[in-house]
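Below are the chains, spelled out letter by letter.
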Amino acid sequence: MTVQPAAKSLNEGWGEMGKTKNNRFLKYFPLLIEALRSTDPRAMGPAEAMAWIRAKVDVPADDLTRHILNGKQSIFENDVHWARFYLVKGGLIANSKRGFWGLTPEGRTSQLTPEETWNIYIRIRDANRPGASKSEEDVPAPADDNDEDESSNWFVGAVWDENQDQTPRFLADGIWENGYDEKFSDLVRRMKPGDRIAIKAGFVQKRNLPFDVGGKSVSVMRIKATGVIVENLNDGRRVKVAWDPSFPPRDWYFYTYRTTIVEADMETEYAGRLVDFTFQRKPQDYAWFLAQPYWSEKYGAPKIPVAGPLVEHVGTDDSELVEVEMEPTYTVDDIIADGCFFTRDELANILDRWRSKKNIVLQGPPGTGKTWLAKRLGFALVGSKDRETTRTRLRAVQFHPSLAYEDFVRGWRPDDDGRLSLVDGILMQAIEAAASEPDRPFVLVVEEINRGNPAQIFGEMLTLLEDTKRSPFEGIELAYRKAPGERVHVPKNLYVIGTMNIADRSLAIVDLALRRRFAFIDLEPRFGLAWRTWCTIRGLEEEILTEIETRINALNADIAVATSLGPQFRIGHSYVTPNSDEKILDGRAWFYAKVETEIGPLLDEYWYDSLEMAKAARAKLLAGLA
């Protein structure tokens with residue numbers, strides 16, 4: 001960008017100031033005054049002031065990417081803070097209020113010449129000696145007690161209106177706009193002046209990668225523009241932005257955001273690295289990501305090690321980008337089509353409850369399709385049931401009396417060398433996966449959740465599963481730590497669904513701590529129109545269907561009032577429901593076989609102390625079929 005005339009004359013007039021090495025930040029004195037005057041009387045946040053300056057002059061790329069020693073700020077940011085320090089001491093900038101910078105009455109009227117700038121610097125330097133014998137450029141600028149870095153980092157999409165990229169319009173108009181009427185409006189209202197914002201576009205890439213992962217697809221997020229929010233119009237749609245005109249497109253890999261608006265969670269290292277890459281222009285350390293457990297398992301060791309300096313990489317041109325909300329390929333309608341006899345509204349309500357509570361249990365008598373439904377609800381939550389998606393985003397485990405904390409969470413296991421090493425169980429693996437892709441839902445299915453000892457198997461993780469404790473702030477140390485001070489929390493995008501057979505005599509009463517952290521959904525035997533329609537399509541005639549429904553309902557009525565049994569022992573519909581690809585040629589013979597080999601033995605178990613009752617119940621089911 002061409003330097004503005006005022007800045008150009010300032011650079012040309014340094015004179016004697018060029019003799020000292022402690023003056024790199026002096027050129028920001030008049031620019032900072034001008035920036036704050038441009039919004040007078042409204043104060044300006046630090047990030048907004050820096051964005052204004054970057055829009056006026058060419059800041060050296062090295063100053064934007066390199067950081068001062070032992071400091072969190074880039075050289076440019078530190079220089080601006082030093083300029084502010086001297087101008088506060090010189091009486092031209094007021095002490096910050098609630099993190100905002102503003103001019104004093106003298107500062108509003110001042111016109112700093114190079115000579116006046118030099119005089120302020122010398123006078124304040126000699127009086128305060130900040131930085132002692134070191135030059136100011138080598139140490140962090142003094143912090144103001146009232147400065148608070150509470151700015152957020154937003155990553156937003158810019159493709160809508162029939163997939164037209166709005167980025168050029170946003171940059172030209174100095175805005176960002178939400179393309180939806182109601183969706184995301186709450187997030188837009190949370191944006192505030194001083195927050196940093198980046199336009200991103202997501203896509204998948206296989207070729208022209210800066211590393212080799214064996215030809216596998218890699219999730220990519222192109223950062224197309226960055227800026228600072230200067231005003232929120234509070235309509236849930238639009239914010240005004242000071243865009244950085246010199247920002248070049250940059251590609252970021254692995255940890256990506258796919259939804260239209262995401263606020264980076266700065267308590268995670270993944271997000272911290274992304275923010276540094278985006279707004280500080282740091283390079284991405286590909287090797288670090290490929291060494292993390294989730295990515296290492298997904299891609300294996302890269303065949304060509306990442307070596308040498310990390311360079312900027314843009315693998316495709318903008319014409320290849322597709323930035324749209326990913327439409328789910330598996331929904332509640334697909335669950336019904338697969339053979340579920342719930343209504344669409346009932347399934348939608350279960351999913352809504354799951355999304356809000358994070359953890360649910362499907363409980364009911366045997367044969368009510370708990371495991372079958374749990375997995376399909378998981379498919380619907382992640383939006384797909386293709387093999388690759390379910391392999392990485394839906395995991396399943398079955399509890400049993402021998403399962404322990406060390407198996408499920410983390411424990412010591414012998415490695416290939418015969419030594420013991422700490423190995424993560426399926427829960428920690430699911431946590432790592434969910435944390436690696438934070439805006440995508442991940443599912444853990446726990447079958448027969450009450451067949452083990454939940455308190456023993458979950459350990460301290462039972463507390464972390466609670467929906468109100470899903471944040472890094474609530475993280476705690478595990479019984480087995482891989483590093484000193486390691487703290488673990490459960491991400492908000494990990495959803496747990498369990499199944500519970502409430503008729504199993506071997507099971508103890510469910511731990512009350514488990515009940516507090518899970519919502520329980522009751523499944524009942526489901527006969528009726530949906531069941532009959534499914535069975536008719538697969539060859540069962542109306543007459544035999546009527547007989548089956550009548551006889552099973554009568555049996556369940558007897559079971560429900562039996563002294564030794566109860567409603568939890570009723571026979572579920574799945575015992576008498578054909579598979580999706582099954583074709584029934586003789587309905588009576590099919591039902592007879594079901595009773596003899598599946599329902600009958602179950603009744604013998606129910607009435608093990610009174611087999612005559614079991615035989616009588618079986619006879620009622622089989623009457624007239626032989």
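Right above here is the structure, for reference.
Residues numbered from 1 in each chain as written. Predicted model: local features only at pLDDT ≥ 70, side-chain atom pairs only at ≥ 80, totals over all residues. Heavy atoms only, no water.

Enquirer: So what exactly am I meant to see when it comes to the environment of Gly 174 here?
Expert: For Gly 174, the location among the structural elements is in the loop between α8 (167-173) and β4 (175-177). In sequence terms Gly 174 and Ile 229 are 55 residues apart; their C-alpha atoms lie 9.4 Å from each other. If we skip the residues at most four places from it in the chain, Gly 174 touches Val 239, Lys 240, Val 241 and Trp 243. (Helix = DSSP H or I, 4+ residues; strand = E, 2+ residues; numbered from the N terminus. Contact = heavy atoms within 4.5 Å.)

Enquirer: Would you mind going over the packing of helix α22 (residues 529-537) against helix α23 (residues 542-561) with me for this structure?
Expert: The relative placement of two packed helices is expressed as an angle between their axes plus a distance between the axes. Direction vectors running N to C along α22 and α23 enclose 135 degrees, while the axes themselves pass 10 Å from each other. Considering their axes alone, α22 and α23 lie oblique with respect to each other. For the element pair α22 and α23, the recorded crossing hand is right-handed. Touching Trp 531, Arg 532, Cys 535 and Thr 536 of α22 are Glu 542, Leu 545, Thr 546, Ile 548 and Glu 549, all from α23. Each residue belonging to the contact of α22 with α23 can be placed in one class, and the counts come to 4 nonpolar, 2 polar and 3 charged. (Axes fitted to C-alpha atoms, helices over the stretch in contact; angles between N-to-C directions. Parallel < 35°, antiparallel > 145°, perpendicular 65-115°, else oblique. Left-handed = near helix turned anticlockwise from the far one by under 90°. Nonpolar A, V, L, I, M, F, W, Y, C, P; charged D, E, K, R; others polar.)

Enquirer: Got a minute to help me understand the pairing of strand β6 (residues 218-232) in this structure?
Expert: The two faces of a sheet get side chains in turn, since along a regular strand they alternate between them. A large share of β6 lies buried, amounting to 14 of its 15 residues. In this sheet, β6 lies alongside strand β5 (residues 196-205) in antiparallel orientation, the contact comprising 10 bridges. Within β6, the residue paired with Gly 202 across the bridge is Met 221. Examined bridge by bridge, β6 and strand β8 (residues 250-253) share 4 bridges and lie antiparallel to one another. Residue pairing across strands places Met 221 opposite Trp 252, the latter belonging to β8. As paired elements, β6 and strand β7 (residues 238-243) share 5 bridges and run antiparallel to each other. (Buried < 20%, exposed > 50% of the residue type's maximum accessible area, 1.4 Å probe, protein only. Pairing = 2+ DSSP bridges.)

Enquirer: Teacher, can you tell me more about the packing of α23 against helix α25 (residues 611-622) here?
Expert: Where α23 contacts α25, the axes come no closer than 9 Å and their chain directions differ by 160 degrees. It follows that α23 is roughly antiparallel to α25 by the angle criterion. In terms of crossing hand, the pair formed by α23 and α25 is right-handed. In this structure, α23 uses Arg 551, Ile 552, Leu 555 and Asp 558 to contact α25, whose residues at the interface are Ala 617, Lys 620, Leu 621 and Leu 622. Class assignment of the residues belonging to the contact of α23 with α25 gives a composition of 5 nonpolar, no polar and 3 charged.

Enquirer: Just to check I follow, could you spell out the packing of aromatic side chains for this structure?
Expert: The way to describe two aromatic rings as a pair is by their centre distance and the angle between their planes. Counted according to the given criterion, the structure contains 40 aromatic pairs. Centroid distance Phe 211 to Tyr 286: 5.3 Å. Interplanar angle 55 degrees. Geometry classified as tilted. Of the two residues, Phe 211 sits in the loop between β5 and β6 while Tyr 286 sits in helix α11 (residues 286-291), which places them 75 residues apart along the sequence. Taken individually, Phe 211 and Tyr 286 each receive the classification buried, so the pair is uniform in this respect. Between Tyr 253 and Phe 254, the ring centres sit 6.4 Å apart and the planes meet at 55 degrees, which makes this aromatic pair tilted. What makes Phe 254 buried here is its relative accessible area of 0%. Arg 273 extends its terminal NZ or CZ atom over the ring of Trp 288, reaching a point 3.7 Å from the ring centre. (Phe/Tyr/Trp six-rings, centres within 6.5 Å; stacked < 30°, edge-to-face > 60°. Lys NZ or Arg CZ within 6 Å of the ring centre and 35° of its normal.)

Enquirer: I'm lost on the sheet that holds strand β10 (residues 359-364) in this one. Help?
Expert: Consider a sheet: its strands pair through backbone hydrogen bonds, and that pairing is either parallel or antiparallel. The strand order across the open sheet built from 5 strands is β11-β14-β15-β10-β16, with neighbouring strands paired in parallel fashion. Since the sheet does not close on itself, it has two edges, and those belong to β11 (394-398) and β16 (519-522), each with one partner. Neighbour-to-neighbour, the strand axes of the sheet open up by a mean angle of 20 degrees, direction not taken into account. Summarising the sheet, β10 and β16 pair through 4 bridges and their orientation is parallel.

Enquirer: Explanation requested: the side chain of Arg 440 in the structure shown.
Expert: By the element assignment, Arg 440 lies in the loop between α18 (426-436) and β14 (442-447). Among the polar contacts listed, one links the side chain of Arg 440 to the side chain of Glu 437, at a separation of 3.1 Å. When sequence neighbours within four positions are dropped, the list of residues in contact with Arg 440 reads Arg 258, Arg 393 and Asn 493. (Polar contact = N/O pair within 3.5 Å; in protein donor to acceptor, adjacent residues only side chain to side chain.)

Enquirer: It is not clear to me how the nonpolar core should be interpreted in this structure. Could you clarify?
Expert: Inside soluble globular proteins, nonpolar side chains tend to come together where they are buried. Core analysis: the largest hydrophobic core is formed by 64 residues, its most contacted members being Phe 155 and Phe 408. Examining the composition of this core, we find that 7 residues originate from one element, α18, more than from any other. Setting aside chain neighbours within four positions, we find Phe 408 in contact with Val 397, Phe 399, Gly 425, Ile 426, Leu 427, Met 428, Leu 444, Ile 457 and Phe 458. Phe 29, Trp 52, Trp 101 and Ala 141 belong to the second largest nonpolar core, which has 36 residues in total. (Core = buried A, V, L, I, M, F, W, Y, C linked by side-chain atoms within 4.5 Å.)

Enquirer: I would appreciate a short explanation of unusual backbone geometry in the present structure.
Expert: Trans is the prevailing form of peptide bonds, just as negative phi is the prevailing case for residues other than glycine. The phi angle at Asn 208 is positive, at roughly 60 degrees, despite the residue not being glycine. With phi around 80 degrees, Phe 254 is a residue other than glycine that occupies positive phi space. With respect to the helices and strands, the residue Phe 254 is situated in the loop between β8 and β9 (261-263).

Enquirer: I keep staring at helix α3 (residues 46-56) and nothing clicks. Help me out?
Expert: Helical periodicity: at 3.6 residues per turn, an α-helix aligns residues three or four positions apart in one direction. Residues Glu 48, Ala 49, Met 50, Ala 51, Trp 52, Ile 53 and Arg 54 constitute the buried set of α3. The secondary structure elements touched by the buried residues of α3 are α2 (28-37), α4 (61-65), α5 (75-89), β6, β7 and α10 (269-279).

Enquirer: What is the right way to read α10 from this model?
Expert: The element α10 is largely enclosed, with a buried count of 8 among its 11 residues. Buried within α10 are the following residues: Tyr 270, Ala 271, Gly 272, Leu 274, Val 275, Phe 277, Thr 278 and Phe 279. Backbone geometry just downstream of α10 places Arg 281 in the positive-phi region, at approximately 60 degrees.

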